[in-house]
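Architecture at a glance
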Amino acid sequence: MTSRRRPGMSENGPDGGAGNDEANQTPQHDERSFFAETRPGKSRSRQVDPQAAPQADASARDNAGTEHYHGHRDRLRRRFREGGDRALADYELLELLLFRLIPRRDTKPIAKALLARFGSLPEVLGAPVHLLTEVTGVGESVATDLKLVAAIAHRMLKGELKGRQVLGSWSSVIEYCRAAMAFEAREQFRILFLDKKNALIADEIQQTGTVDHTPVYPREVVKRALELSATAIILVHNHPSGDPTPSRADIEMTKLIIDTARPLGITVHDHIIIGKDGHASLKGLKLI
């Protein structure tokens, strides 16, 4: 079958396109590229390569569903604007966030899959990138953006503590530590360094260990406190198992740090253990 040559086209076709009239002279992939490059609202009268039809059908199905999930997205945004986060379930908040990260997909199944995999919204944001990407629909860029949101939230909580009297904002301290450590896969030992007014000077991770052990060196703890001119410290570490109950080793190590710091005028206010299931205060339990 022959066809007319399009105006402005040479026998070899335009630059960068496919245009020979004979199918056996033009590679199929070039033909598919040519027909795919149509402008919105325009259609070509020529017959499309049958092998490209499945792609066209999939595109048509996507367009058919666009109106549905755009309406859903608008309704969810309106509920959030009018009622704040209390108006939405956890999966809906996560879905609302994923709207921005995955603009052309129904994100409800992805949000529910993330919550099913990790258990809660904080655990989703606390999960490492390599585990997030195991969930269908979550690529590395989406996982990185979720970690960015977690980092911003953590920075906000830290900003609320910076320069404030920490002992008078104990609930904020716990909230900050939970956001920072509760969902880590390995133990971390961190220290909050305080000045003479018990305001936060610095928050530093001193050691990172295994799933159930972190090496702690009392001399290094005290040395760093002196470098920062801190007069008091709060010790914090996490239990990846989820149970914040202090172990005998936790208690003995805390007492050793207290005995090392006291002669140098450094007070250990508390040792907080953070777990997914809550937290424990050694001072509150009268263990120190």
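Residues numbered from 1 in each chain as written. Predicted model: local features only at pLDDT ≥ 70, side-chain atom pairs only at ≥ 80, totals over all residues. Heavy atoms only, no water.

1. Notes on the overall build of the chain
For the chain, the count of helices and strands is 10 helices and five strands. Here the chain holds 288 residues, and the buried ones make up 38% of them. A fraction of 55% describes how many contacts in the chain between residues 6 or more apart in sequence connect residues 24 or more apart. Here the chain has roughly 17,500 Å² of accessible surface; of this, 50% comes from carbon and sulfur atoms. (Helix = DSSP H or I, 4+ residues; strand = E, 2+ residues; numbered from the N terminus. Buried < 20%, exposed > 50% of the residue type's maximum accessible area, 1.4 Å probe, protein only. Contact = heavy atoms within 4.5 Å. Areas by Shrake-Rupley, 256 points an atom, 1.4 Å probe, with all protein chains shown as cover.)

2. Focus: the packing of helix α3 (residues 90–101) against helix α4 (residues 108–118)
Working note: a packed helix pair is described by the angle between its axes plus the distance between those axes. α4 packs onto α3 with a crossing angle of 125 degrees between their chain directions and a minimal axis gap of 8 Å. Classed by the angle they form, the pair α3 and α4 counts as oblique. The crossing of α3 and α4 is right-handed. On α4, the residues touching Asp90, Tyr91, Leu94, Glu95 and Leu98 of α3 are Lys108, Ile110, Ala111, Lys112, Leu114 and Leu115. (Axes fitted to C-alpha atoms, helices over the stretch in contact; angles between N-to-C directions. Parallel < 35°, antiparallel > 145°, perpendicular 65-115°, else oblique. Left-handed = near helix turned anticlockwise from the far one by under 90°.)

3. Quick word on the sheet that holds strand β2 (residues 200–208)
Two pairing modes exist for strands in a sheet, parallel and antiparallel, and in both the strands are linked by backbone hydrogen bonds. Spatially, β2-β1-β3-β4-β5 is the arrangement adopted by the five strands of the open sheet, whose pairing is mixed. Among the strands making up the open sheet, the edge pair consists of β2 and β5 (278–281). In this sheet, neighbouring strand axes are inclined to one another by 20 degrees on average, regardless of whether the strands run parallel or antiparallel. Taken together, the six bridges between strand β1 (residues 188–194) and strand β3 (residues 232–238) define a ladder with antiparallel strand orientation. From the neighbouring strand, Phe189 faces β3, where its bridge partner is His237. (Pairing = 2+ DSSP bridges.)

4. Some words on the confidence of the model for the chain
On average, residues of the chain score 78 in pLDDT, and 73% of them reach the 70 mark or higher. Within the model, the stretch residues 2–48 combines pLDDT values under 50 with 33 contacts to residues more than four positions away or in other chains. With pLDDT under 50 throughout, residues 58–65 is counted as low confidence; its partners more than four residues away or in other chains account for zero contacts. (pLDDT = per-residue confidence, 0-100.)

5. Thoughts on the packing of aromatic side chains
Considering all chains together, one arrives at zero aromatic pairs under this definition. Taking the ring centre of Tyr91 as reference, the NZ or CZ of Lys112 above it sits at 4.7 Å. (Phe/Tyr/Trp six-rings, centres within 6.5 Å; stacked < 30°, edge-to-face > 60°. Lys NZ or Arg CZ within 6 Å of the ring centre and 35° of its normal.)

6. Some details on the pattern of salt bridges
Here the structure, examined in full by the defined rule, presents seven salt bridges. Among the ionic pairs, Asp259 bridges to Arg262, the shortest N-O distance being 3.4 Å. The class of Asp259 is partly exposed, set by a relative accessible area of 46%. A relative accessible area of 53% places Arg262 in the exposed class. A cluster of three or more residues bridged by salt bridges with shared partners is formed by Glu204, Arg224 and Glu227. (Salt bridge = Lys/Arg side-chain N within 4 Å of Asp/Glu carboxyl O.)

7. Overview of the pairing of β5
Pairing between strand β4 (residues 267–275) and β5: four bridges, direction antiparallel. Residue Ile273 lies in a different strand from β5, and its bridge partner there is Ala280. What sits between the antiparallel neighbours β4 and β5 is a turn of two residues.

8. Considerations on the packing of helix α9 (residues 218–227) against helix α10 (residues 248–261)
Axis separation between α9 and α10 bottoms out at 9 Å; the angle between their running directions is 45 degrees. Judged by the inter-axis angle, α9 sits oblique to α10. Where α9 crosses over α10, the handedness of that crossing is right-handed. For the pair formed by α9 and α10, the contact residues are Pro218, Val221 and Val222 on the first element and Leu256, Ile257, Thr260 and Ala261 on the second. Here the residues of the contact of α9 with α10 sort into six nonpolar, one polar and no charged. (Nonpolar A, V, L, I, M, F, W, Y, C, P; charged D, E, K, R; others polar.)

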